[in-house]
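# Remarks on the overall topology
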Amino acid sequence: MRVIEVEQLRKEYRSLTGRKTVAVAGLDLSVPEGGVFGFLGPNGSGKTTTIRCLLGLVRPSAGRSRVLGADSQRHLGSVISRVGAIVETPAFYPNCSGRRNLGFLASLRGISDERVDAVLERVGLGDRGRDPFRAYSLGMKQRLGLAAALLQDPDVLLLDEPANGLDPAGIVEIRELIRSLGEEGRTVFVSSHLLGEVQQMCDRVAILNHGQCIAQGTVDEVLASGGAAQLVVRVDEPERAREVLERAGIPATPEQEHLVVDLSGTDGARVSRALAEAGLYPHELSPRQVDLETVFLRLTEGDTSG
Ligand SMILES: Nc1ncnc2c1ncn2[C@@H]1O[C@H](COP(=O)(O)OP(=O)(O)OP(=O)(O)O)[C@@H](O)[C@H]1O
Ligand SMILES: [Mg+2]
């Protein structure tokens, strides 16, 4: 079963002056069970709007979405107890402790205090659970939001930019936490505008641009769709090396003190052979992996609509 299915989803907003913004423009998504699915795209590409549609918080202009098989607009109630979500910064009582805040939510839903302590422990707030919420750092607030989403032990988590505003160490912590949630069989759908940052925690990704999906699949598939990796060549006479390579039919681009060869039409052995035949011996040949950020830029090259 597909945990999340989106078909031709479209959402237009209309301002009071009648101006139309197309936030989501015919989106298709298919999220299988288990693991972490990254929903990536730059600011304003429609991530939050899509998540709001999935949760039935916004009515789409066209198309539809299902979560755990239930239509988001009509039947979400039947599965909502299996879905945990964070959309935008969750609100908590500032003067109450994190533990007390979760306690309120738990008692509303008939969840035990033991579960509250377990989720606090899980998100790394075990020893700070009794501090007032207002004294939490941004990272701690984000983790408390995640704890709240985990209270009812959901099968699916929809997290809108959980790493927003965190410092690099905080991003690593949240990433590891999300990874571990995906590894225990939950399906974690996580949005981010930091394309390169999140690729390490995702099994699959969809990349959004102007409300449309421009790439979707496993991280490796999407990386491959953006073109091959590159080879960094460090050699004593870079300009002569570039000419030698060009004559051998291998285009190379100078970059700072080294050359960069696109590996789509060649391989490392051909590069070193061509250079050696001209008496040039590179002191370094290292592959450079493209990241999702580069893939995004390549796929949207020449796109001037935004
Ligand atoms: N309530 C609204 N009314 C009018 N326009 C909206 C509304 N919500 C979003 N939009 C517009 O829809 C587009 C998509 O916004 P959305 O918040 O879904 O993007 P996003 O990918 O979540 O961006 P970010 O990375 O900044 O969070 C933007 O152009 C935004 O201005
Ligand atoms: Mg957003």
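Above this text you will find the structure in question.
The following refers to the structure shown. (Residues numbered from 1 in each chain as written. Chains lettered and ligands numbered in written order. Predicted model: local features only at pLDDT ≥ 70, side-chain atom pairs only at ≥ 80, totals over all residues. Heavy atoms only, no water.)

Before going further, it helps to examine the environment of Val67. Take Val67: it is sitting in strand E4 (residues 62-67). Considered as a pair, Val67 and Val6 are 61 residues apart in the sequence and their alpha carbons are 8.8 Å apart. Those residues in contact with Val67 that sit more than four places away from it in its chain are Val3, Leu54, Ser72, Leu76, Val79 and Val83. (Helix = DSSP H or I, 4+ residues; strand = E, 2+ residues; numbered from the N terminus. Contact = heavy atoms within 4.5 Å.)

Positive phi, close to 50°, is recorded for Glu161, a residue that is not glycine. With respect to the helices and strands, Glu161 occurs in the loop between strand E7 (156-160) and helix H5 (168-183). Unlike most non-glycine residues, Gln256 shows phi in positive territory, near 45°.

The antiparallel open sheet is built from four strands, whose spatial order is E2-E1-E4-E5. One side of each edge strand has no neighbouring strand; the edge strands of this open sheet are strand E2 (20-32) and strand E5 (70-71). The sheet contact formed by strand E1 (residues 2-14) and E4 spans five bridges and is antiparallel. Bridged to Glu7 within E4 is Arg64. Contacting E1, E2 and E4, helix H1 (residues 47-54) crosses the sheet at an angle of about 115° to E1. (Pairing = 2+ DSSP bridges. Axes fitted to C-alpha atoms, helices over the stretch in contact; angles between N-to-C directions.)

Time to look at the environment of Gly41. For Gly41, the location among the structural elements is in the loop between strand E3 (35-40) and H1. By relative accessible area, Gly41 is classed as buried at 0%. C-alpha separation for the pair Gly41 and Asn209, spaced 168 residues apart in sequence, amounts to 5.9 Å. Setting aside residues no more than four positions away along its own chain, Gly41 makes contact with Lys47, Ser192, His193, Leu195 and Leu208. (Buried < 20%, exposed > 50% of the residue type's maximum accessible area, 1.4 Å probe, protein only.)

Turning our eyes to something else, we now look at the environment of Leu166. By the secondary structure assignment, Leu166 is in the loop between E7 and H5. Judged by its relative accessible area of 13%, Leu166 falls in the buried class. Each C-alpha atom of the pair Leu166 and Tyr136 lies 13 Å from the other, and the pair is 30 residues apart in sequence.

Looking now at the site of ligand 1. In the vicinity of ligand 1, the contacting residues are Tyr13, Thr21, Ala23, Pro42, Asn43, Gly44, Ser45, Gly46, Lys47, Thr48, Thr49 and Glu161. In this structure, Ser45 approaches ligand 1 through a main-chain N or O atom, which is 3.2 Å from an oxygen atom. Between ligand 1 and Thr49 there is a distance of 2.5 Å, counted from an oxygen atom to a side-chain nitrogen or oxygen. Protein coverage of the free-state accessible area of ligand 1, which is 640 Å², stands at 59%. Looking at the shell around ligand 1, the elements that each hand over two or more residues are E2 and H1. For the shell around ligand 1, the per-class residue count stands at three nonpolar, seven polar and two charged. (Near = heavy atom within 4 Å. Polar contact = N/O pair within 3.5 Å; in protein donor to acceptor, adjacent residues only side chain to side chain. Areas by Shrake-Rupley, 256 points an atom, 1.4 Å probe, with all protein chains shown as cover. Nonpolar A, V, L, I, M, F, W, Y, C, P; charged D, E, K, R; others polar.)

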